[in-house]
Amino acid sequence: MARALKFLAVVVFFLVADAAERLPVFGNDDPDAASAAMFDMVINKTTERRELGFLSCGSGNPIDDCWRCDRNWIRNRRRLAECSIGFGRNAVGGRDGRFYVVTDPGDDDPVNPKPGTLRHAVIQDRPLWIVFERDMLRADGLVDVVMGSTAITISNNYFTHHNEVILLGHSDTYARDRGMQVTIAFNHFGEGLIQRMPRCRHGHFHVVNNDYTHWEMYAIGGSADPTINSQGNRFIAPNNPFAKEVTHRNNGRGGQWRKWNWRSEGDLLLNGAYFVPSGDGAKTSYARASSLAARSSSLVATLTSEVGALNCLKGIWWSITFGASIGIDNQRFHTGIPWLRNERKRSAKLCFALSLLNSTRS
């Protein structure tokens, strides 16, 4: 991933839909065109759009409130690039680029990556709007920011079932990462996670308003004198009495780690969780690790309640305002739309644009 995150502010959408492969695609490079074309008749016949309350509009999450409160957000998803916060707020990235659909989770050749892989997408020399064809697993870290990358925000993700989650900084000896600034905001670190949420080296890192509901080893770690500013997060420690500490230092021999500036401010520490601070509290250091005003940690559950992929529902019936009823169960889709009729479901998850209509649970 050495070159991956130099391509700053590529906005990534995770599409959790095995069934999406079977949907017709209109146009050569826009995977949203299929859903938009199908819903033209819906929008034309509907006089009032729903307020998208269950999709975080008005929740207080500044990113969601910026773009999901737009009644036409389904047609203007790239507006999300204008809703950035934190250190990555000024990046333009792939906003005006073509769509690139990642179809291959492999990462076997870093030098000559295969077309269709994420690595191939991010080394292109032009802006791209990157989406994923389906759920994909990576063997190493879910997010790596390395080799002098900076001005980055990692936000609104739901991380689960992984060992090494986020790495910020190439190595303890790579001095160019001293200028790194990264915001980690409004993420949910959930079930099945072990460590590195994030693991930091050298730079300045603002960890703000995240919800930590699971870790097996530690939540926030680092080495090589990083500055870590933890504000307004909720940390719920595991029941393991030997894993209650939020923090973990690597290679801080001889007490050197005591000089690293790590602080916890306004964090909510539950189930015995504790944060070990260090450093002299230098104002200049924390100023470089501050990127937005933290909300109260008591609001974190609400602020992160709809992060990650759009809602994927199992066993729920939706009533569409133009009269069609779509039932989603373990076996089939039942719908009046011909090209969806009697398709067998191959996964326990389904998430596609039908859930974005004027829908309410019946």
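Residues numbered from 1 in each chain as written. Predicted model: local features only at pLDDT ≥ 70, side-chain atom pairs only at ≥ 80, totals over all residues. Heavy atoms only, no water.

Participant: Any chance you could break down the overall build of the chain for me, citing the residues and the numbers?
Facilitator: Counting its regular elements, the chain contains six helices and 24 strands. For the chain, buried positions account for 48% of its 362 residues. Within the chain, counting contacts between residues at least 6 apart in sequence, those at least 24 apart form 65% of the total. Surface exposure of the chain reaches about 17,000 Å², of which carbon and sulfur atoms provide 50%. (Helix = DSSP H or I, 4+ residues; strand = E, 2+ residues; numbered from the N terminus. Buried < 20%, exposed > 50% of the residue type's maximum accessible area, 1.4 Å probe, protein only. Contact = heavy atoms within 4.5 Å. Areas by Shrake-Rupley, 256 points an atom, 1.4 Å probe, with all protein chains shown as cover.)

Participant: Lay out the sheet that holds strand 17 (residues 234-236) with the relevant residues and their values.
Facilitator: With parallel pairing, the five strands of this open sheet are ordered in space as 6-10-14-17-20. If you trace the sheet from one side to the other, it starts and ends with strand 6 (158-159) and strand 20 (268-270), each paired once. (Pairing = 2+ DSSP bridges.)

Participant: Can you lay out the pattern of salt bridges for me, pointing to particular residues and giving the numbers?
Facilitator: Pairs can form between side chains of opposite charge whenever their charged atoms are close. In the structure shown here, the tally under the stated rule is eight salt bridges. Across the pair Glu164 and Arg196 runs a salt bridge whose closest N-O atoms are separated by 3.8 Å. Here Glu164, found in strand 7 (residues 162-164), pairs with Arg196, found in the loop between strand 11 (193-195) and strand 12 (199-201); they are 32 residues apart in sequence, far enough to count as distant. Of the residues examined, Arg196 reaches a relative accessible area of 18% and is grouped as buried. (Salt bridge = Lys/Arg side-chain N within 4 Å of Asp/Glu carboxyl O.)

Participant: Please give an account of the sheet that holds strand 13 (residues 204-208) that cites residues and values.
Facilitator: Pairing within the open sheet is parallel, and its five strands lie in the order 5-9-13-16-19. Here the strands that pair on one side only, and so sit at the sheet edges, are strand 5 (152-155) and strand 19 (262-265). This sheet shows a mean twist of 10 degrees between the axes of neighbouring strands, independent of strand direction. Two elements, strand 16 (residues 227-231) and strand 19, share four bridges in a ladder whose sense is parallel. Counted as the bridge partner of Gln231 is Glu265 from strand 19. (Axes fitted to C-alpha atoms, helices over the stretch in contact; angles between N-to-C directions.)

Participant: Provide a residue-level description of the confidence of the model for the chain, including the pertinent values.
Facilitator: Of all residues in the chain, 70% have pLDDT values of 70 or greater, and the mean over the chain is 74. Low pLDDT, under 50, characterises residues 1-29; the stretch is placed with 87 contacts to residues that sit more than four places away or in other chains. Across residues 312-362, confidence stays below pLDDT 50; counting only partners more than four residues off in sequence or on other chains, it has 122 contacts. (pLDDT = per-residue confidence, 0-100.)

Participant: I'd love a proper account of the pairing of strand 9 (residues 181-185), names of residues and values included.
Facilitator: Consecutive side chains of a regular strand alternate in pointing toward one face of the sheet and then the other. Summarising burial for strand 9: four of the five residues are buried, a large majority. In the sheet, strand 5 pairs with strand 9 via four bridges, with the strands oriented parallel. Within strand 9, the position partnered with Ile154 by the bridge is Ile184. In this structure, strand 9 lies alongside strand 13, joined through five bridges in parallel fashion. Each bridged residue has a counterpart across the sheet, and for Ala185 the counterpart in strand 13 is Val208.

Participant: Can you explain the side chain of Ser149? Please cite residues and give values.
Facilitator: Relative to the assigned elements, Ser149 resides in the loop between strand 4 (143-145) and strand 5. Of the polar contacts made by the side chain of Ser149, one reaches the backbone oxygen of Val146; its length is 2.8 Å. (Polar contact = N/O pair within 3.5 Å; in protein donor to acceptor, adjacent residues only side chain to side chain.)

Participant: Describe the environment of Trp262, and please don't skip the residues or the numbers.
Facilitator: Relative to the helices and strands, Trp262 resides in strand 19. Expressed as a C-alpha distance, the spacing of Trp262 and Gly279, which sit 17 residues apart in the sequence, is 6.4 Å. At 3.1 Å, the side chain of Trp262 forms a polar contact with the backbone oxygen of Pro226.

Participant: Go over the nonpolar core, please, and point to the residues and values.
Facilitator: Ile154, Ile166, Leu168, Val182, Phe189, Tyr212 and Trp215 are the most contacted members of the largest nonpolar core, which totals 29 residues. Secondary-structure elements contributing two or more residues to this core are strand 4, strand 5, strand 8 (166-168), strand 9 and strand 13. When neighbours within four sequence positions are excluded, Ile154 is seen to be in contact with Val143, Val145, Phe159, Ile166, Leu168, Val182, Thr183, Ile184, Ala185 and Asn187. Judged by nonpolar contacts, the second largest core, of 10 residues, contains Trp67, Ile85, Phe186 and Leu303. (Core = buried A, V, L, I, M, F, W, Y, C linked by side-chain atoms within 4.5 Å.)

Participant: If you had to explain the packing of aromatic side chains to someone new, which residues and values would you point to?
Facilitator: A complete count under the given rule lists five aromatic pairs for this structure. Ring centres of Trp215 and Phe235 lie 6.4 Å apart, and the angle between their planes is 75 degrees; this geometry places the pair in the edge-to-face category. Note that Trp215 is positioned in the loop between strand 14 (211-212) and strand 15 (220-223) and Phe235 in strand 17, a separation of 20 residues in sequence. Here Trp215 and Phe235 have matching classes, each one buried. (Phe/Tyr/Trp six-rings, centres within 6.5 Å; stacked < 30°, edge-to-face > 60°.)

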